Amino acid sequence: MLEGLLSKAECAACRLCCKFDSYDLWQTPVIYKSLASRILQEYAPHMTFVRREEHFLMKMEKEPGADVYFCPLLDQEQGCIMGDDKPFDCAIWPFMVMELCGRKVLTLSPACPVVNGRKFDDVCIAAQAAAAEVFAFADSHPEIVRPFLDDHPILAVEKSRYKTTLV
Ligand code: SF4
């Protein structure tokens, strides 16, 4: 979805978003049941999941001697082994859907060194182009919507679904 902004080669060379510390484990991708089944069948038969109400998270092991957790689907040489099948959170990162005052907003993670080096205008254009599809997905998959963090610039705002009527 972000092809014009971020190439697969740049993602494979960086891999920062596939590595977590104990403070940002909340950002690990949301995995829905169908994708969890596919991961077990096609990519990582020994994967262990942590069950949440309507989704799963991948269990990640802490690296010895460091506060680092690598995604189990990360190949250190080639990047994500899921390619185009990767979870939606990963497909749109460094964009993230957050909720601010009851409205979904599309924000930019400050952690991505590649996209944060792009012209901000180009980042906004890519966000506006992706916003309708991302918000539609978030409507049916609310687990991907995180609380707003004020160090994440807002790039697009969900249009109100409610009409106001003057009385
Ligand atoms: S699923 Fe793939 S893209 Fe997402 S965090 Fe894991 S290795 Fe990275």
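Relevant structure appears above.
The residue numbers shown here count from 1 along each chain, following its written sequence. Owing to the predicted nature of the model, reporting of local features is limited to residues with pLDDT of at least 70; listing and counting of side-chain atom pairs is limited to 80 or more, with chain, interface and lining totals taken over all residues.

Before going further, it helps to spend a moment on the overall build of the protein. What the protein contains, in helices and strands, is 4 helices and 10 strands. For this measure, only C-alpha atoms enter the radius of gyration; the expected value for a globule follows 2.2 Å times N^0.38, where N is the number of residues. Against the compact-globule benchmark of 15 Å for 167 residues, the protein has a radius of gyration of 17 Å, which places it among compact chains. Taking the principal axes of the C-alpha coordinates as reference, the protein spans close to 60 × 35 × 30 Å. Any residue whose C-beta has 12 or fewer other C-beta atoms within 10 Å is treated as exposed, any with 20 or more as buried, and any in between as partly exposed, C-beta atoms being built from the backbone. Looking at the 167 residues of the protein, the share that counts as buried comes to 26%. Under the scheme used here, helices are H or I runs from DSSP no shorter than 4 residues and strands are E runs no shorter than 2 residues, and both carry numbers assigned from the N terminus.

Further remarks concern the site of the ligand. Near, for a residue, is defined by distance from a backbone-placed C-beta atom to a molecule or strand, with 6 Å as the limit that must not be exceeded. Residues in contact with the ligand, as listed here, are Cys17, Cys18, Pro29, Cys71, Leu73, Leu74, Cys80, Met82, Lys86, Pro87 and Cys90. Only Asp, Glu, Lys and Arg are considered charged, only Ala, Val, Leu, Ile, Met, Phe, Trp, Tyr, Cys and Pro nonpolar, and every remaining residue, Gly among them, polar. Within the shell around the ligand, the residues separate by chemical class into 10 nonpolar, no polar and 1 charged.

Bringing the environment of Cys90 into the picture now. Structurally, Cys90 is set in helix α3 (residues 88–92). Sequence-wise, Cys90 and Cys80 are 10 residues apart; in three dimensions their C-alpha atoms are separated by 9.7 Å. Residues are scored as being in contact if the C-beta atoms we place from backbone atoms lie within 7 Å. Apart from the residues within four sequence positions on either side, Cys90 is in contact with Pro29 and Cys80.

The end-to-end C-alpha separation of helix α4 (residues 120–140) is 29 Å, in line with the 30 Å expected for 21 residues at 1.5 Å each. The seven residues ending at a residue and the seven starting there each receive a fitted axis; the angle between those axes is the bend at that residue. Within α4, the axis deviates most sharply at Ala131, by approximately 50°. Along α4, the residues classified as buried are Val123, Ala126, Ala127, Ala130, Ala131, Val134 and Ala138. Contacts made by the buried residues of α4 are with α3, β7 (95–100), β8 (103–108) and β10 (154–157). Multiply 1.5 Å by the residue count of a helix minus one, and that product is the helix's expected span.

The subject of this paragraph is the nonpolar core. One recurring pattern in soluble globular proteins is that nonpolar side chains are buried together. We define the nonpolar core as any set of buried residues of the types Ala, Val, Leu, Ile, Met, Phe, Trp, Tyr and Cys, connected via C-beta atoms lying within 7 Å of each other. Counting 31 residues, the largest nonpolar core has Phe95, Leu106, Val123, Ala127, Ala130 and Val134 as its most contacted members. Elements that contribute at least two residues to this core include exactly β7, β8, α4 and β10. In terms of residue count, the dominant contributor to this core is α4 (7 residues). In contact with Val123, other than residues within four places in its own chain, are Leu5, Leu108, Val115, Arg118 and Leu155.

Turning to unusual backbone geometry, a few remarks are in order. Apart from glycine, the bulk of residues carry a negative phi angle, and the bulk of peptide bonds sit in the trans form. In this model, Trp93 is joined to Pro94 through a cis peptide bond whose omega is 15°. Structurally, Pro94 is set in the loop between α3 and β7. Here Arg15, not a glycine, exhibits a phi torsion of approximately 65°, which is positive. Examined against the element boundaries, Arg15 turns out to sit in the loop between α1 (8–14) and β1 (19–20). For Cys101, which is not glycine, the phi dihedral falls at a positive 50°. Position of Cys101 relative to the elements: it lies in the loop between β7 and β8.

Pairing analysis gives 6 bridges linking β7 to β8, with the strands arranged antiparallel. The residue of β8 that forms the bridge with Glu99 is Lys104. Criterion used throughout: strands pair if DSSP finds at least two bridges between them. Counted along the chain from β7 to the antiparallel partner β8, the turn is 2 residues long, and its residue Cys101 has a positive phi close to 50°. Where β7 meets strand β9 (residues 146–147), 2 bridges bridge the pair, whose relative direction is parallel. Within the sheet, the bridge partner assigned to Glu99 lies in β9 and is Pro147.

This next bit is on the pairing of β8. Of all 6 residues in β8, 5 are buried, a share of seventy percent or more. The sheet contact formed by β8 and β10 spans 3 bridges and is antiparallel. When the bridges of β10 are listed, Thr107 appears paired with Ile154.

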